[in-house]
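Remarks on the overall topology
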Amino acid sequence: MQIMNKQETINQSNRTFNKWKGIWSDNVDENLKSFSKFTIDEEKRNGDSVIILAYGPSFTRNIDKIKELKLHHKHDIICVDKALKGVLKNKIIPRAVVSSDARIKISECLNIDEFDVSLVKRISLFVCVTSHPSWAKFWKENGGTIHFYINKDAIGTQREYRDRFNYDPEKGDQKAFSLPAAVNVANTAYTICVLKLQYKVIMLAAFDYSFKYWGNYYGEECYNDKHRDLKASKKNVDNQIHVIDVNNNIVQTSHSMLFSARWLINFVSAVSQQQQVKTINITGEGILFLPHQARLREVSNAA
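**Description of the environment of His132**
Following the sequence through the fold, His132 ends up in the loop between strand 4 (124-128) and helix 4 (134-141). Overall, His132 belongs to the buried group, its relative accessible area being 17%. A polar contact of 2.9 Å, which involves the side chain of His132, links it to the side chain of Ser134.

So, in structure tokens, the structure goes:
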């Protein structure tokens, strides 16, 4: 894939900010009600390796294999917001869940009426200050650990949100928990695992960034894939590009998903050299072309 340049990143940051700035500002106001301080330094990893579960079409197949091989007993598990329900359904309790979307409510990712709220105290929540406030509110009400973060993008929008979360002089000179604006929640989960939790081996599952002609858009067929604004299936909206995947199959993707995959490839390359992190794509499909690819049956040896 083509290497990204700085101007391309700036353009993407401007497009994203102009689209979301209104709802981001409203969400920040609500999330401030659940905020006390930035607490990432208090979070500790259990070991040196982690599996991050995104929610691409390979999710069901990947998590079935993870469970079969009992990899959740050998490695920490961190999942994205949409994947939480599916992870728990497989009787896997993740180390943490990451939320970054401004419009995804917790009720879209969990059946709140059936959810065992005691699990909140066992699952840390990493949540963007601009995320939908239902996540932080639910975690706070049920005594869970919340780690807020601020996306640091190419046009400096983080300054506004950082100032709003550090307004109280009695809290001291806080340094906001900031992360590179990683385009989507799966990429954000990766940056957290590298820069904050400092895992040495990171395995990526369900990081597809594409979908098959007759396959699912998301990780489970039951998950609603309707575009919120266009009221049509995302498969019929986000199919602007046809590409070859890691298995030499033709798949569909969108400009946004392709940008996300390219961003992560560049970031993985940088941290592999700078921080000696080994990143293994165990998805088995998709368009995330990393140097280390492994099938799940081989992952224990690869790690």
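**Focus: the sheet that holds strand 1 (residues 49-53)**
An order of 6-5-4-3-2-1-7-10 is seen for the 8 strands of this open sheet, with the pairing classed as parallel. At either end of the open sheet lies a strand with only one pairing partner, and these are strand 6 (178-180) and strand 10 (278-281). Direction aside, neighbouring strands of the sheet carry axes that sit 25° apart on average. As defined by bridge partners, strand 1 adjoins strand 7 (residues 201-205) across 5 bridges and the pair is classed as parallel. Of the residues in strand 7, the one forming a bridge with Ile51 is Met203. Across the sheet, helix 6 (residues 185-196) lies against strand 1, strand 2 (76-80), strand 3 (96-99), strand 4, strand 5 (146-152), strand 6, strand 7 and strand 10, angled at about 120° from strand 6, the strand it touches most.

**So, helix 6**
With 12 residues, helix 6 extends 16 Å between its outermost C-alpha atoms, agreeing within 8% with the 16 Å of an ideal straight helix rising 1.5 Å per residue. Within helix 6, 10 of the 12 residues are buried, which leaves the element mostly enclosed by the surrounding structure. Every buried residue of helix 6 is accounted for by Val185, Ala186, Asn187, Thr188, Ala189, Tyr190, Thr191, Ile192, Cys193 and Val194. Sitting at the head of helix 6, Asn184 places a side-chain oxygen 3.4 Å from the backbone nitrogen of Ala186.

**A few points about the pairing of strand 8 (residues 241-244)**
By the alternation rule, side chains of strand 8 split into Ile241 and Val243, which are all buried, and His242 and Ile244, of which none is buried. Judged from the 4 bridges that link them, strand 8 and strand 9 (residues 250-253) form a sheet pairing that is antiparallel. Note on strand 9: the bridge partner recorded for Val243 is Val251. The turn linking strand 8 back onto strand 9 is made up of 5 residues, and Asn248 within it adopts a positive phi angle of 65°.

**Quick look at the packing of aromatic side chains**
Inspection of the entire model under this criterion finds 11 aromatic pairs. Both rings, one in Phe115 and one in Phe138, keep their centres 6.0 Å apart while their planes meet at 50°; by these two values the pair is tilted. Within this pair, whereas Phe115 is found in the loop between strand 3 and strand 4, its partner Phe138 is found in helix 4, the two being separated by 23 residues in sequence. On the basis of relative accessibility, which here comes to 10%, the residue Phe138 falls in the buried class. Three or more aromatic residues joined by ring pairs form one cluster here, namely Tyr55, Phe59, Phe211, Tyr217 and Tyr218.

**So, the side chain of Thr283**
With respect to the helices, strands and loops of the structure, Thr283 is situated in the loop between strand 10 and helix 9 (299-302). A distance of 3.3 Å separates a polar atom in the side chain of Thr283 from the backbone oxygen of Leu204. Contact partners of Thr283, with chain neighbours within four places excluded, come to Ser58, Asn62, Leu204, Ala205, Ala206, Phe207 and Asp208.

**Some remarks on the pairing of strand 2**
Here strand 2 lies mainly inside the structure; 5 of its 5 residues are buried. Because side chains alternate across strand 2, one face comprises the buried residues Asp76, Ile78 and Val80, and the other comprises Ile77 and Cys79, equally buried. Judged from the 4 bridges that link them, strand 1 and strand 2 form a sheet pairing that is parallel. Pairing of Val50 across the sheet is with Asp76, part of strand 2. Once you follow strand 1 into helix 2 (residues 59-68) and on to strand 2, the crossover reads as right-handed. Pairing of strand 2 with strand 3 involves 3 bridges; the strand directions are parallel. Residue pairing in the sheet places Val80 in a bridge with Val98 of strand 3.

**Some details on helix 4**
Owing to its 3.6 residues per turn, the α-helix brings residues three or four apart onto one side. Taken residue by residue, helix 4 has Ser134, Trp135, Ala136, Phe138 and Trp139 as its buried positions. Positioned one or two residues after helix 4, Gly143 has a phi angle of 75°, which is positive.

**Overview of the environment of Asn31**
For Asn31, the position within the fold is in helix 1 (residues 6-31). Residue Asn31 is classed as buried on the basis of its relative accessible area of 0%. When sequence neighbours within four positions are dropped, the list of residues in contact with Asn31 reads Cys128, Val129, Thr130, Ser131, His132, Pro133, Ala136, Phe148 and Phe165. At 2.9 Å, the side chain of Asn31 forms a polar contact with the backbone oxygen of Val129.

**What to know about a nonpolar patch on the surface**
A cluster of nonpolar side chains, namely Tyr213, Trp214, Ile244 and Ile250, defines an oily patch on the protein surface of about 520 Å² accessible area. Take Tyr213: it is sitting in the loop between strand 7 and helix 7 (234-237). For Tyr213, a relative accessible area of 35% gives the class partly exposed.

The rules we used
- Residues numbered from 1 in each chain as written.
- Predicted model: local features only at pLDDT ≥ 70, side-chain atom pairs only at ≥ 80, totals over all residues.
- Heavy atoms only, no water.
- Helix = DSSP H or I, 4+ residues; strand = E, 2+ residues; numbered from the N terminus.
- Buried < 20%, exposed > 50% of the residue type's maximum accessible area, 1.4 Å probe, protein only.
- Polar contact = N/O pair within 3.5 Å; in protein donor to acceptor, adjacent residues only side chain to side chain.
- Pairing = 2+ DSSP bridges.
- Axes fitted to C-alpha atoms, helices over the stretch in contact; angles between N-to-C directions.
- Contact = heavy atoms within 4.5 Å.
- Expected span 1.5 Å × (residues − 1).
- Phe/Tyr/Trp six-rings, centres within 6.5 Å; stacked < 30°, edge-to-face > 60°.
- Right-handed = clockwise from strand over helix to strand, strands pointing away.
- Patch = residues over 30% accessible without salt bridge, like charges linked within 9 Å, V, L, I, M, F, W, Y side chains within 5 Å.
- Areas by Shrake-Rupley, 256 points an atom, 1.4 Å probe, with all protein chains shown as cover.
- Salt bridge = Lys/Arg side-chain N within 4 Å of Asp/Glu carboxyl O.

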